[in-house]
Amino acid sequence: MLTVVMLVFSGCNDSKVKADKTLTVVRDSMPLMRARDVLTLISDSGVTQYRVAAPEWVVFDKKERPCWIFPHGLHLEKFDTQMTVTAEVDADSAIYYNSEEIWILTGNVNAVNEKGEHFESEKLVLEQNNDRIHTDTKVKITQKDKIINGIGLESNQRLSKYTILKPTGIIPLDAEEDEENAGIPADSSKAGD
């Protein structure tokens, strides 16, 4: 009888250890929070920097790289210290890595800077700590008088100073432009200055 009791208790202890290990592994892939129809403000040191609106927000706090995932898209507005919107971004999906302060926006990414220039790409990476936005995908920038196409972009966070890494064409929006101006000038890889 004592042998049977010992086997039952030892069996319970083993399954508890297995259950604990299973729970630990599962917890890594379980979200801390899942919210729908989100509208939130993000601040740093008491200063509001962003407003985020999204159909769904999933927070993973136990992953190797803790992150927020916006699987069904988001609308992000960046504020200056006067709470004026300095930039806006829409994306089909996004991931924010908390500890690194990096946003990866994918899908149909559309951004507008404070000059009203429109940026379109399949992917934008925003590194908050480095004041940097970049991509290696196709980029289309619509300015008041022209559309600039290219591959790859390097910019500051405000999208006010940017470089198109491989320009592929400039299309004037003014119908009276000379056809020779439709080509790419030698210094066209720098824009937004």
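**Let's talk about the packing of aromatic side chains**
Thinking step 1. Taken as a whole and judged by the stated rule, the model has six aromatic pairs.
Thinking step 2. Arranged with centres 5.8 Å apart and planes meeting at 25°, the rings of Phe70 and Trp103 form a pair that is stacked. On the criterion of sequence distance, the pair formed by Phe70 in strand E3 (residues 67–70) and Trp103 in strand E7 (residues 102–112) is long-range, its members being 33 residues apart. Per residue, the accessibility class of Phe70 equals that of Trp103, and both read buried.
Thinking step 3. The interplanar angle of 90° and the centroid separation of 5.1 Å between the aromatic rings of Phe119 and Tyr162 together place this pair among those described as edge-to-face. Of the two residues, Phe119 sits in strand E8 (residues 118–127) while Tyr162 sits in strand E11 (residues 162–172), which places them 43 residues apart along the sequence.
Thinking step 4. An aromatic cluster of at least three residues, connected via ring pairs, comprises Trp57, Trp68, Phe70, Tyr96 and Trp103.
Thinking step 5. Between the NZ or CZ atom of Lys63 and the centre of the ring of Phe60, over which it lies, the distance is 4.8 Å.

**Remarks on the nonpolar core**
Thinking step 1. One finds Phe70, Leu74, Trp103, Leu105, Ile141 and Leu153 to be the most contacted residues of the largest nonpolar core, which totals 32 residues.
Thinking step 2. Looking at this core, the element that brings in the most residues is strand E2 (residues 47–60), giving five residues.
Thinking step 3. Setting aside its immediate chain neighbours within four residues, Leu153 contacts Phe119, Leu124, Ile133, His134, Thr135, Val139, Ile141, Leu159, Tyr162, Thr163, Ile164 and Leu165.

**Points about the environment of Gln82**
Thinking step 1. With respect to the secondary-structure elements, Gln82 resides in the loop between strand E4 (74–79) and strand E5 (85–91).
Thinking step 2. Overall, the relative accessible area of 63% leaves Gln82 in the exposed class.
Thinking step 3. Along the chain, Gln82 and Thr48 lie 34 residues apart, while their C-alpha atoms are 9.5 Å from each other.

**Quick notes on the confidence of the model for the chain**
Thinking step 1. Averaged over all residues, the pLDDT of the chain is 81; the fraction at 70 or higher stands at 76%.
Thinking step 2. Segment residues 175–189: pLDDT under 50, and 15 contacts once partners within four positions in sequence are set aside and those in other chains are kept.

**Some words on the pairing of E8**
Thinking step 1. Examined bridge by bridge, E7 and E8 share nine bridges and lie antiparallel to one another. Each residue of the ladder has a partner; that of Leu105, found in E8, is Leu124.
Thinking step 2. The turn linking E7 back onto E8 is made up of five residues, and Gly116 within it adopts a positive phi angle of 85°.
Thinking step 3. With seven bridges connecting them, E8 and strand E9 (residues 132–142) associate as antiparallel partners. Each residue of the ladder has a partner; that of Phe119, found in E9, is Ile141.
Thinking step 4. With antiparallel pairing between neighbouring strands as the criterion, E8 and E9 make up a hairpin whose turn holds four residues, including Asp131 at a positive phi of roughly 50°.

**Regarding the side chain of Thr48**
Thinking step 1. With respect to the element layout, Thr48 can be found in strand E2.
Thinking step 2. A relative accessible area of 19% places Thr48 in the buried class.
Thinking step 3. Discounting chain neighbours no more than four positions away, the residues touching Thr48 are Leu41, Ile42, Ser43, Phe79, Asp80 and Met83.

**Observations concerning the pairing of E2**
Successive side chains on a regular strand alternate, one facing one side of the sheet and the next facing the other.
Thinking step 1. Relative to E2, strand E1 (residues 33–44) runs antiparallel, the two being bridged by eleven bridges. In the sheet register, Leu39 faces E2, and the bridge partner there is Ala53.
Thinking step 2. Remark: two residues form the turn of the hairpin made by E1 and E2, two consecutive strands paired antiparallel; Ser45 in that turn has positive phi of roughly 55°.
Thinking step 3. Relative to E4, E2 runs antiparallel, the two being bridged by four bridges. Each bridged residue has a counterpart across the sheet, and for Ala53 the counterpart in E4 is His75.
Thinking step 4. Examined bridge by bridge, E2 and E3 share three bridges and lie antiparallel to one another.

Each value, and the rule that gives it
Per chain, residues are indexed from 1 in the order of the written sequence. The model is predicted, so local features are restricted to residues of pLDDT at least 70 and side-chain atom pairs to those at 80 or more, both for listing and for counting; the totals for chains, interfaces and linings are taken over all residues. As a rule here, side-chain values cover all heavy atoms of the structure and leave hydrogens and water aside. For Phe, Tyr and Trp, rings pair up if their centres lie within 6.5 Å, where Trp contributes its six-membered ring, and each pair is then called stacked (planes under 30 degrees apart), edge-to-face (over 60) or tilted (otherwise). Each helix is a run of DSSP H or I of at least 4 residues and each strand a run of E of at least 2, with the numbering of both proceeding from the N terminus. Each residue is assigned to one of three classes by its accessible area relative to the maximum for its type, calculated with a 1.4 Å probe on protein chains only: buried under 20%, partly exposed between the two thresholds, exposed over 50%. Our definition puts a charge over a ring when NZ of Lys or CZ of Arg is within 6 Å of the ring centre and also within 35 degrees of the ring normal. As used here, the term nonpolar core means buried Ala, Val, Leu, Ile, Met, Phe, Trp, Tyr and Cys residues forming a set that is joined through side-chain atoms within 4.5 Å. Any pair of residues with heavy atoms lying within 4.5 Å of one another is described as a contacting pair. A residue's pLDDT is simply how confident the predictor is in it, with values from 0 to 100. DSSP calls a pair of strands paired once it identifies at least 2 bridges connecting them.

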